[in-house]
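Spelled out, the chains give:
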Amino acid sequence: TLKGLLIHTADEAASIGPDYKTGWGLVNADTAAELVHADSDAGGKQFIKEVTLLDGDFVEFAVKATGGAPLKATMCWTDPVGPVQPLQLNPTNIVLVNDLDLRIISPNGSTNFPWILNPANPSNSATKGDNYRDNVEQVVVTNASADEQFIVRITHKGTLVDDAGQPSFQDVTIIATGIEPETRADLAIAESSFFSDSEIVVWPSMVRQNYRV
């Protein structure tokens, strides 16, 4: 979460998007702190969400653009331990274990992809496409209009595994700005079922919101 927060709020350094020379830019601790403060003021888990992606599943939620600023989402996760790599200078082989994908779906149904870099041409500017190399993905929609609704979606390729290589889940952080805080209704139990030794209680929920029952 801290890594994703610093990446998301960094100032551009050499070019738009990431690059091999300056990474994601210059750390801006003030902007990062302001985002944490804004998230807290809006009720928590509005702009900074920590979620668990289950194997074979997906996570998605709707956001409404503020307009006047890019709609930006950054996804970051701690990838499981992979095979030990041989010593080599600036390797370009793919070592990502759990390959997660971040997409933002526009109101017209078009898909916005994350930044990607090409290690074969390290001086080139970042383009957009399917990022299968990194455990950080960022999608920026520069032309989002006020009150337009977008879908932020997280999926994965293959099977999610843990450090031992066994089927598992993946904890992931998603940070978004250029969006309006969610409207949250008061908690109300919508359905209940009672049995002799157990009971089931159901209520409307939102992605990564805490509830006390």
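Above this text is the structure in question.
The notes below deal with the structure included here. Remember, it's a predicted structure, so these values are computed and weren't measured experimentally. (Residues numbered from 1 in each chain as written. Predicted model: local features only at pLDDT ≥ 70, side-chain atom pairs only at ≥ 80, totals over all residues. Heavy atoms only, no water.)

### Focus on unusual backbone geometry
The backbone phi angle of K45 is positive, close to 60°, even though this residue is not glycine. Residues other than glycine seldom take positive phi values, yet D147 does so here, at roughly 75°. Relative to the helices and strands, D147 is located in the loop between strand 8 (136-141) and strand 9 (149-156). (Helix = DSSP H or I, 4+ residues; strand = E, 2+ residues; numbered from the N terminus.)

### A look at helix 2 (residues 29-41)
The end-to-end C-alpha distance of helix 2, which contains 13 residues, comes to 18 Å, matching closely the 18 Å that a straight helix rising 1.5 Å per residue would cover. Three or more residues of helix 2 are buried, namely A32, L35 and D39. Angularly, the buried residues of helix 2 cover 60° about the axis, an arc narrow enough to put them on a single face. Helix 2 presents A29, D30, H37, S40 and D41 as exposed residues on the side facing more than 90 degrees away from its buried surface. Residues of helix 2 that are buried make contact with helix 1 (2-8), strand 1 (48-54) and strand 10 (169-177). Looking one or two residues past helix 2, G43 carries a phi angle of roughly 105°, positive in sign. (Expected span 1.5 Å × (residues − 1). Buried < 20%, exposed > 50% of the residue type's maximum accessible area, 1.4 Å probe, protein only. Arc of directions from axis to C-beta. Contact = heavy atoms within 4.5 Å.)

### What to know about the nonpolar core
Counting 31 residues, the largest nonpolar core has L71 and I154 as its most contacted members. Secondary-structure elements contributing two or more residues to this core are helix 2, strand 1, strand 2 (59-64), strand 3 (71-76), strand 4 (100-105), strand 8, strand 9 and strand 10. Residue contributions to this core peak at 4 residues, all from strand 10. Among residues more than four places away in sequence, those in contact with L71 are V63, A65, I104, V139, V140, V141, A144, F150, T177, G178 and I179. (Core = buried A, V, L, I, M, F, W, Y, C linked by side-chain atoms within 4.5 Å.)

### Examining the sheet that holds strand 9
With antiparallel pairing, 4 strands are arranged side by side in an open sheet as 2-9-4-5. Each of the sheet's edge strands pairs with one partner strand only, and the pair in question is strand 2 and strand 5 (111-112). Of the strand pairs in this sheet, strand 2 and strand 9 are connected by 6 bridges, and their pairing is antiparallel. By the bridge assignment for strand 9, A62 is matched with I151. (Pairing = 2+ DSSP bridges.)

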